[in-house]
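# Examining the three-dimensional arrangement
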Amino acid sequence: RSVGISYPAINASDLMRLKGPIPGREEQAAIATFLDRETDKIDVLVEEQMRLIDLLKEKRQAVISLSVTKGLNPNVPMKDSGVEWLGKVPAHWRVVPLKFFADVGNGSTPNRDRPDYWTSTGFPWLSSTVVNQDKVTQAEEFVTDLALAECHLPKVQPPAILLGITGQGRTRGMACTLLLEATINQHIAYVKPRNEAVKLSYLRGLFDMAYLKLRTDSEEGGSTKAAITCEQIANLRFPVPPSVEQSAIAASLALQARRFDELVEEATEATSLLVERRSALISAAVTGKIDVRGFAPSPAP
């Protein structure tokens, strides 16, 4: 019944003319009492499912952190990493700044008032929203060769890691894996290993683990607009196991991530079904599709 193209709406007069079923006062009270009781039960179940989802995500993060800092062998000799937030690491691992084995940089946003900078089929340009994805395989915006030449726009070769570096929301510090050649804006940093000495899949696990560390470091300056700098990223000291171990850790993380994701998906689906059940129950009760007078005693008028 709403009208309008960009902002569909229904006006007050139309709303007042809508007709609906009005049972007797005692039956209204019975319906309300029934719905209060039944929807409370559903709300408790929804809350439990949401809590389960949070716990699964926390457990997933804990598994990542343990694997990329301690390895897969619980009996291996350990040493002090010399980095407070890392703690102890396997004795045969190196602990070095990221800049020793990877390149770090960011991009820019070409002038939106320059039509010669933007095109519908040019070179992929990515904004910071992409870090909410796990893997980036396509772009929504594109820039011209002129923009690439005149603006600070790196051509990032896949595979690489993209990292959100600004903003007050959850995207600052989040990482994703870039799987297409693209350029980026100033709110994202790219991290590209220089060779196979560090596997990208293992490095991605390190950045997932370092999320809270990056956010904390970016807020230490006291600025209201917290930001992570490319210099901070480059100077981060990370544990680097031998290449074979990196591959084993990455494979283990991929397997466990799939398991956690499946459990989260099941809990999310259960939550959606409960919400649908709640809505359907309300609709059925207030339209008389179900008779609830025998289920809920009516309170005194």
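Just above, that's the structure.
To keep things clear, this report deals only with the structure shown in the data block. (Residues numbered from 1 in each chain as written. Predicted model: local features only at pLDDT ≥ 70, side-chain atom pairs only at ≥ 80, totals over all residues. Heavy atoms only, no water.)

## As for the nonpolar core
One finds Leu 98, Phe 101, Val 191, Leu 203, Phe 207, Ile 233 and Phe 238 to be the most contacted residues of the largest nonpolar core, which totals 39 residues. The element contributing the most residues to this core is helix α4 (residues 200-209), with 6 residues. Not counting residues within four places of it along the chain, the set of residues in contact with Phe 101 comprises Val 96, Pro 193, Arg 194, Val 198, Leu 203 and Val 240. Residues Phe 142, Leu 180, Ile 184 and Ile 188 belong to the second largest nonpolar core, which totals 17 residues. (Core = buried A, V, L, I, M, F, W, Y, C linked by side-chain atoms within 4.5 Å. Buried < 20%, exposed > 50% of the residue type's maximum accessible area, 1.4 Å probe, protein only. Helix = DSSP H or I, 4+ residues; strand = E, 2+ residues; numbered from the N terminus. Contact = heavy atoms within 4.5 Å.)

## Considering the environment of Leu 146
The topology assignment puts Leu 146 in helix α3 (residues 145-150). The spatial distance from the C-alpha of Leu 146 to the C-alpha of Ala 250 is 39 Å, given a sequence separation of 104 residues.

## Side note on the packing of aromatic side chains
In this structure the tally under the stated criterion is 3 aromatic pairs. Geometrically, the ring pair formed by Trp 85 and Phe 238 is edge-to-face, given 6.2 Å between the ring centres and 70° between the ring planes. Placement of Trp 85 in the loop between β1 (78-80) and β2 (88-90) and of Phe 238 in strand β13 (residues 237-240) is noted, with a sequence separation of 153 residues between them. Residue classification places Phe 238 among the buried positions, given a relative accessible area of 0%. Every member of this aromatic cluster is reached through a ring pair, and the members are Trp 85, Phe 207 and Phe 238. If you follow Arg 112 out to its NZ or CZ, it ends over the ring of Trp 118, 4.0 Å from the centre. The ring of Tyr 117 carries the charged tip of Arg 114 above its face, separated from the ring centre by 4.2 Å. (Phe/Tyr/Trp six-rings, centres within 6.5 Å; stacked < 30°, edge-to-face > 60°. Lys NZ or Arg CZ within 6 Å of the ring centre and 35° of its normal.)

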